[in-house]
Amino acid sequence: MDELLKDFEVLPKNSSEAALRRWRKLVTIVRNPRRRFRMIANLEKRSEAEQQKLKIKEKIRVALIVQKAALQFIDAAGPPDYKLTDEVREAKFGIEPDELAAIVHGHDKKRLKLHGGVEGIAEKVTVSLDEGVRSESLSTRQKIYGFNQYTEKPPRNFWMFVWDALQDLTLIILMICAVTSIGVGLATEGWPKGVYDGAGILLSIILVVLVTAISDYRQSLQFRDLDREKKKISVQVTRDGRRQQVSIYDLVVGDVVHLGIGDQVPADGLFVSGYSLQIDESSLSGETDPVDIYEQHPFLLSGTKVRDGSAKMLVSAVGMRTEWGKLMETLNEGGEDETPLQVKLNGVATIIGKIGLTFAVLTFLVLTVRFLIEKALKNDFTNWSSTDALTLLDYFAIAVTIIVVAVPEGLPLAVTLSLAFAMKQLMDERALVRHLSACETMGSASCICTDKTGTLTTNHMVVNKIWICEKIKSIGGSENKNLDELEISESVFSILLRAIFLNSSAEVVKGENGKNSILGTPTETALLEFGLLLSSDHDAYRRQSKILKVEPFNSDRKKMSVLVALPDGRTQAFCKGAPEILLRMCEKVVDCNGELVHLSEERAESITEAINGFASDALRTLCLAVKDADETFNENNIPDSGYTLIAVFGIKDPVRPGVKEAVQTCLAAGITVRMVTGDNINTAKAIAKECGILTADGNAIEGPEFSSKSLDEIRDIIPNIQVMARSKPSDKLNFVTHLRNMYGEVVAVTGDGTNDAPALRQSDIGLAMGIAGTEVAKENADVIVMDDNFATIVNVAKWGRAVYINIQKFVQFQLTVNVVALMINFVSACISGSAPLTAVQLLWVNMIMDTLGALALATEPPNDALMKRQPVRRGASFITKLMWRNIIGQSIYQLIVLGVLNFDGKQLLGLTGSDATIVLNTVIFNSFVFCQVFNEINSREIEKINVFRGMFSSWIFIGVMVATVAFQVVIVEFLGTFASTVPLSWQHWLLCILIGSVSLIVGVVLKCIPVESADVKQKHHDGYDALPSGPELA
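The structure presented is a predicted model; accordingly, all values stated were derived computationally and were not measured.

Draft legend 1. Looking closely at the packing of helix H32 (residues 839-857) against helix H34 (residues 916-938). Packing of H32 against H34 leaves a shortest axis separation of 11 Å and a crossing angle of 10°. It follows that H32 is roughly parallel to H34 by the angle criterion. On H34, the residues touching Gln 841, Trp 844, Val 845, Ile 848, Leu 852, Gly 853, Ala 856 and Leu 857 of H32 are Phe 925, Phe 928, Val 929 and Glu 936. Grouping the constituent residues of the contact of H32 with H34 by class yields nine nonpolar, two polar and one charged.

Draft legend 2. Up close: the pattern of salt bridges. All told, the structure shown has 30 salt bridges when counted by the stated rule. One salt bridge in this structure joins Arg 134 and Glu 131, with 3.3 Å as the shortest N-O distance. Taking relative accessible area as the criterion, Arg 134 reaches 37% and is therefore assigned partly exposed. Lys 452 is the salt-bridge partner of Asp 679, the closest N and O atoms lying 2.8 Å from each other. Here Lys 452 lies in the loop between strand S9 (447-450) and strand S10 (462-468) and Asp 679 lies in the loop between strand S21 (672-676) and helix H25 (681-691), a separation of 227 residues in the sequence. Given the relative accessible area of 5%, Asp 679 is considered buried. What you see here is one network of salt bridges that share partners, running through Glu 99, Asp 108 and Arg 111.

Draft legend 3. Seen up close, the UniProt feature "transmembrane region" (unreviewed entry) in the protein chain. UniProt feature "transmembrane region" (unreviewed entry): in the numbering of this structure it lies at residues 169-188, 194-214, 351-373, 393-422, 815-835, 916-934, 955-976 and 988-1009. Secondary structure content for residues 169-188 is 100% helix and 0% strand, while the C-alpha to C-alpha distance between its ends is 28 Å. Annotated as 100% helix and 0% strand, the span residues 351-373 places its first and last C-alpha atoms 33 Å apart.

Draft legend 4. Region of the structure containing a nonpolar patch on the surface. A cluster of nonpolar side chains, namely Trp 884, Ile 888, Ile 892, Ile 896, Val 900 and Leu 908, defines an oily patch on the protein surface of about 550 Å² accessible area. Along the chain, Ile 892 turns up in helix H33 (residues 881-909). Take Ile 892: its relative accessible area is 46%, and that puts it in the partly exposed class.

Draft legend 5. Molecular detail of helix H23 (residues 601-616). Spanning 16 residues, H23 covers 22 Å between terminal C-alpha atoms, matching the ideal 22 Å at 1.5 Å per step. Residues Ile 607, Ala 610, Ile 611, Phe 614 and Ala 615 constitute the buried set of H23. When H23 is viewed along its axis, its buried side chains cluster within an angular range of 140° and face the same direction. Opposite the buried face of H23, by more than 90 degrees, sit the exposed residues Glu 601, Glu 602, Glu 605 and Glu 609. Remark: Ala 618 follows H23 within two positions and exhibits a positive phi of approximately 65°.

Draft legend 6. Here's a closer look at the side chain of Gln 808. Summarising the element assignment, Gln 808 is placed in helix H31 (residues 790-832). Aside from chain neighbours lying at most four places away, what touches Gln 808 is Phe 878, Thr 880, Met 883 and Ile 942.

Draft legend 7. A look at helix H35 (residues 955-974). End to end, H35 covers 27 Å across 20 residues, agreeing with the expected 28 Å (1.5 Å per residue, within 8%). Where H35 is concerned, the buried positions are Ile 956, Phe 957, Val 960, Met 961, Thr 964, Gln 968, Ile 971 and Val 972. Angularly, the buried residues of H35 cover 135° about the axis, an arc narrow enough to put them on a single face. For H35, the exposed residues set more than 90 degrees away from the buried face come down to Trp 955, Val 962 and Phe 974. Among the structural elements, helix H16 (410-428), H32, H34, helix H36 (976-979) and helix H37 (986-1007) are those in contact with the buried residues of H35.

Cut-offs used in this document
Residues numbered from 1 in each chain as written. Predicted model: local features only at pLDDT ≥ 70, side-chain atom pairs only at ≥ 80, totals over all residues. Heavy atoms only, no water. Axes fitted to C-alpha atoms, helices over the stretch in contact; angles between N-to-C directions. Helix = DSSP H or I, 4+ residues; strand = E, 2+ residues; numbered from the N terminus. Parallel < 35°, antiparallel > 145°, perpendicular 65-115°, else oblique. Contact = heavy atoms within 4.5 Å. Nonpolar A, V, L, I, M, F, W, Y, C, P; charged D, E, K, R; others polar. Salt bridge = Lys/Arg side-chain N within 4 Å of Asp/Glu carboxyl O. Buried < 20%, exposed > 50% of the residue type's maximum accessible area, 1.4 Å probe, protein only. UniProt positions renumbered as here; feature names shortened; annotations may be inferred. Patch = residues over 30% accessible without salt bridge, like charges linked within 9 Å, V, L, I, M, F, W, Y side chains within 5 Å. Areas by Shrake-Rupley, 256 points an atom, 1.4 Å probe, with all protein chains shown as cover. Expected span 1.5 Å × (residues − 1). Arc of directions from axis to C-beta.

Here it is, written out as structure tokens:
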């Protein structure tokens, strides 16, 4: 089977278009392309959408270049005359929506100046740049300037799914057969007897179509919920005089938005204030060079990304009045790439479909030839009646129905059903799966490279210790501190407060209840909280000083610097960041007497010892430094040397409850957990030991050291690396790439920063943090961990494994039904000239096998045993030897029992009289259905004997079982006229149930038969297999 499926393979991420097109060409037998390929990417539509996007981007790029050039030659003439509409005037606004949108879109500095600049625009949209929009004006603004929403396709309703289900070619042929049967039956047998056979087929088709449509519609609702969740983006705005968080869709023209590194610009707008703001406009214009935004060039376009810096922005246009809005219309055209399992099962369905089509044709030919021979032997060949026509029509209907059963359309669709169910459950468990394939791939993850802060720890930081004036002080409790407690002079105390209050990206804001709260990163919040314990004069410090320039923290710089003009006329630079960076920048230090002294080697060693002590206590370390700028300083550059070290902070970030257990679960499941952090190596090692990540034989290494090693050295050390500290995003990317390429690991990577995007893209599964993560990180991730908790990542892995094993269970179950249904009808047709299972009965079997079987087996929740087995390796056979053992064994049992009943049943059951044949066929049909019911229970476990464990906690499985049995009773006892059955005695019912239940015993026997597993290669000394190279590869 693996050889036959070699062309049905695609990568989980970034698969080539050639691979996507190759398998499509090979899928030749499809009953219902409209339904089968509904969740498959439409490459033609995607190509058209891509062309459309390129045209829009080129138009924007050219427009920007032309406008920038043209502005140099425009004279000082006023703007084009336009009049305010009555609607705008009555709303007390002073500018039209299109005029306002055109200013930013056109980068029109002249027109902006004529409107009074940013302040003039703010006045015309009646907003204070300090207070923001008033809540009572929101509805008016939305009415005049529009909503921040984009045009989307209307969702598909239930009847569209019914129409899709009716596109099945075999069902259409059966409907024609049924109508023909009714026509001929009425002509020969009259009403109502003449319509029974045809009406039975029509009723069965209606039932199949409705059940299929309901299942598909429910899936679409689940995906709709997921899409809605994916689009939830929150932004920080100033409204009603206070800073608050609102949905991107609730933004209105006039809102003052706060932007930081990694944010997506949520609407078109104008720069109000900020520092070092750089914008990546490549998503709109295709240009990769960042654009500097400042007072003289204040235009911000929706959909662009903040690469560096921070700012406040005045919203000028929203929704479809932005270029991003027009571009968004094309973004989802063509759909998402199909998953590897979807493709593989399309291959399985194609192969089985070809076999089924062959058997269907052979069955029809055998039945027809036998019928013709019998007519010829009776010298009745020239005498044809309508009854003969009905017989041939019945044979044709049986052949078509065999194709219905034999072409397993449900196989690839079961993957979608299982993934939709898993993704919905994961959303409830705080994980948002952005790409279908991620849920599937996560089940094969063999390595998780996780951040420390916020993922393994609580991300609630507090200052625990401080080194200042050559003394270490422990900081306990939340009561106010003073300089006596810290044992420092007033001058040092003042410098410390300025370093904390002025060099901070956190803000103190007043909430609705009047209480102050701090908005900012956890590290910034911890420092500012400590500063507020020392002094409540935060606002006074900020008001009295003027911030001249800011260099925000990022993962490359590992520091934040500000240049400040003080009230006394002096200029000072403040810097805080990683100790190893700041110590190199410092020439002096504040000694125990509060004096500035030279930072000698001895003092540097003493400080390093204190830093290592903090780190060994699992504290995050941070240095604060100051420098007086002399008269030669340049306002555009913050000094990077000659600083005086003020203090070293030890910040406590406790390990999350349950993380150690989650790590142990991963290790038991064959998943290696590696910590990749920007923190000090001693801090990282201490936390890693506490979490159970760093073991006695594991290594910890710093990112720069790892990246500087040769490939041979990396090959030797990489399996034992459990902690990578002081890593930059480039180090993380290198680490992930080598794990995948050298050792074939399936790697999941967590990330929260803008610079983590390359590693998230390169990994097999990118996991972005929902709370701490930037919009850039989330956009490049496959899964968003909404609570930033490592235990949630383990949950994703568990559900990924559940999806894989559930699809295997369903495939095992469906292939068994395929084999038995095909063989029993074909063999019976060859030997006796009749098929024991009619078209109506086969349609019912098809529904049990396809829709109901998928619903029962593909939606089973995960159990703990899943995390006690090794991950599925890359390229492993999907249909395993264990599955073939179960399929073949169960098929042989069912074929023997049904074959004996078919050919010797009348004698064995003592059936006589005119209804003996129909009673026997009913018993065969009933036994066959109960064999499938019990085999469905059998399929819950591929290896283990106990198939009942957890069954009663899966309400969907129980519901499907009860519904199947109940409807089978109705078909046999009450719908015999349509289904060609007769009511059975209790003895026959007992026999049918007994025959079905023996499948359970057969299953136990089969699982005791040992099956040779794939060859296990000799393990590397550390438990990893290196990928073959050199002679081994040859």
